[in-house]
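Here's the letter readout for the chains.
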Amino acid sequence: ALGAIAQHPGLTKIPIAIGTTPVGVCFNLENTDLSGLFTKFIKDFKDSEENREMLDRWLESFGPESHRDVKEIKEGTPIRVALLATLPPFNFLMNGIIDGYEAELMRKFALYAGRPVEFVTMDFGAIIPSLMSNKVDAALSTIAITEERQKIITEIPYYETSSVAIIRKEDFDA
């Protein structure tokens, strides 16, 4: 919603959430080492001041000033992360760099894991098959956690997204 509002200043959201959906970082069922490490990371990070600041910066105050450089490890086997880079403020391409809340979250996780991160952009329909065939190690793009997906992949929740209604500002102010 914020991405659409940022691109179309004549729009606004109604300040009441319609519902919430948990979203998660996805891993191949067999990749228990990496999914276990992410579980440990997110357990501490999720309720941290650092995460609250990131959520505010990316999801409440989204704009060009949202970007922050995150120290990255350059050597070693990268964590290959599949994502759709057209979901601002979660994932998007800016000046040739994958940016957004989820991209920053995965950079921080890679630092925690002591590995470089490599983002692999693809269509949404290719994300889960790429994960299942081990072409990537992890995936995220505000992927809703569902019973069906949890039968074939591991989904670790890190955020609850709210469904909101977007309307024209002129209709809201009337």
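In the block above lies the structure referred to throughout.
Criteria and thresholds
- Residues numbered from 1 in each chain as written.
- Predicted model: local features only at pLDDT ≥ 70, side-chain atom pairs only at ≥ 80, totals over all residues.
- Heavy atoms only, no water.
- Helix = DSSP H or I, 4+ residues; strand = E, 2+ residues; numbered from the N terminus.
- Rg over C-alpha atoms; globule rule 2.2 N^0.38 Å.
- Buried < 20%, exposed > 50% of the residue type's maximum accessible area, 1.4 Å probe, protein only.
- Contact = heavy atoms within 4.5 Å.
- Areas by Shrake-Rupley, 256 points an atom, 1.4 Å probe, with all protein chains shown as cover.
- Lys, Arg positive; Asp, Glu negative; His and termini not counted.
- Charge placed at Lys NZ, Arg CZ, Asp CG, Glu CD.
- Expected span 1.5 Å × (residues − 1).
- Arc of directions from axis to C-beta.
- Pairing = 2+ DSSP bridges.
- Phe/Tyr/Trp six-rings, centres within 6.5 Å; stacked < 30°, edge-to-face > 60°.
- Axes fitted to C-alpha atoms, helices over the stretch in contact; angles between N-to-C directions.
- Parallel < 35°, antiparallel > 145°, perpendicular 65-115°, else oblique.
- Left-handed = near helix turned anticlockwise from the far one by under 90°.
- Nonpolar A, V, L, I, M, F, W, Y, C, P; charged D, E, K, R; others polar.

**Description of the overall build of the protein chain**
- On a plain count of helices and strands, the protein chain comes out with seven helices and ten strands.
- Against the globule reference of 16 Å for 174 residues, the protein chain gives a C-alpha radius of gyration of 17 Å, in line with a compact fold.
- Projected onto its principal axes, the C-alpha coordinates of the protein chain cover approximately 55 × 35 × 30 Å.
- Across the 174 residues of the protein chain, 39% fall into the buried class.
- Considering only intrachain contacts with a sequence separation of at least 6, the fraction spanning at least 24 residues in the protein chain is 75%.
- When the accessible surface of the protein chain is split by element, carbon and sulfur atoms take 53% of a total near 9,500 Å².
- One finds the centroid of the 18 positive side-chain charges in the protein chain at a distance of 3 Å from the centroid of its 26 negative side-chain charges.

**Section: helix H2 (residues 32-45)**
- Between its first and last C-alpha, H2 extends 19 Å over 14 residues, near the 20 Å set by a 1.5 Å rise per residue.
- Taken together, the buried positions of H2 are occupied by Leu34, Ser35, Phe38, Phe41, Ile42 and Phe45. Within H2, the buried residues cover an arc of 120° as seen down the axis, which keeps them to one side. In this structure, H2 carries Thr32, Asp33, Lys40, Lys43 and Asp44 as exposed residues pointing more than 90 degrees from its buried face.

**Side note on the pairing of strand E2 (residues 19-28)**
- Bridge count between E2 and strand E9 (residues 153-163): ten bridges; the pairing is antiparallel. Directly across from Gly24, in E9, lies its bridge partner Pro157.
- Relative to strand E8 (residues 138-139), E2 runs antiparallel, the two being bridged by two bridges. Its bridge partner being in E8, Phe27 is matched across the sheet by Ala138.

**Quick notes on the packing of aromatic side chains**
- Taken as a whole and assessed by the stated rule, the structure comprises ten aromatic pairs.
- Measuring from ring centre to ring centre gives 6.2 Å for Tyr101 and Tyr159, while their planes differ by 50°; the resulting arrangement is tilted. Remark: Tyr159 occurs in strand E9 and Tyr101 occurs in helix H4 (residues 101-113); sequence separation between them is 58 residues. Each of the two residues, Tyr101 as well as Tyr159, counts as buried.
- A connected cluster of aromatic rings, assembled from ring pairs, spans Phe27, Phe38, Phe41, Phe45, Phe109 and Tyr112.

**As for the packing of helix H3 (residues 49-60) against H4**
- Between H3 and H4, the shortest axis-to-axis distance is 10 Å and the interhelical angle comes to 155°. By the angle between their directions, the pair H3 and H4 is classed as roughly antiparallel. As H3 packs across H4, the resulting crossing turns out to be right-handed. Here Glu50, Asn51, Met54, Leu55, Arg57, Trp58 and Leu59 of H3 come into contact with H4, specifically with Tyr101, Glu104, Leu105 and Lys108.
- The residue makeup of the contact of H3 with H4, split by class, is six nonpolar, one polar and four charged.

**Concerning the sheet that holds E2**
- Read across the open sheet, the five strands follow the order E7-E3-E8-E2-E9; overall the sheet is mixed. The two strands at the open ends of the sheet, each matched to only one other strand, are strand E7 (117-121) and E9.
- Note: strand E3 (residues 79-83) against E8, two bridges, orientation parallel. In the strand pairing of E8, Ala82 is matched with Ala139.

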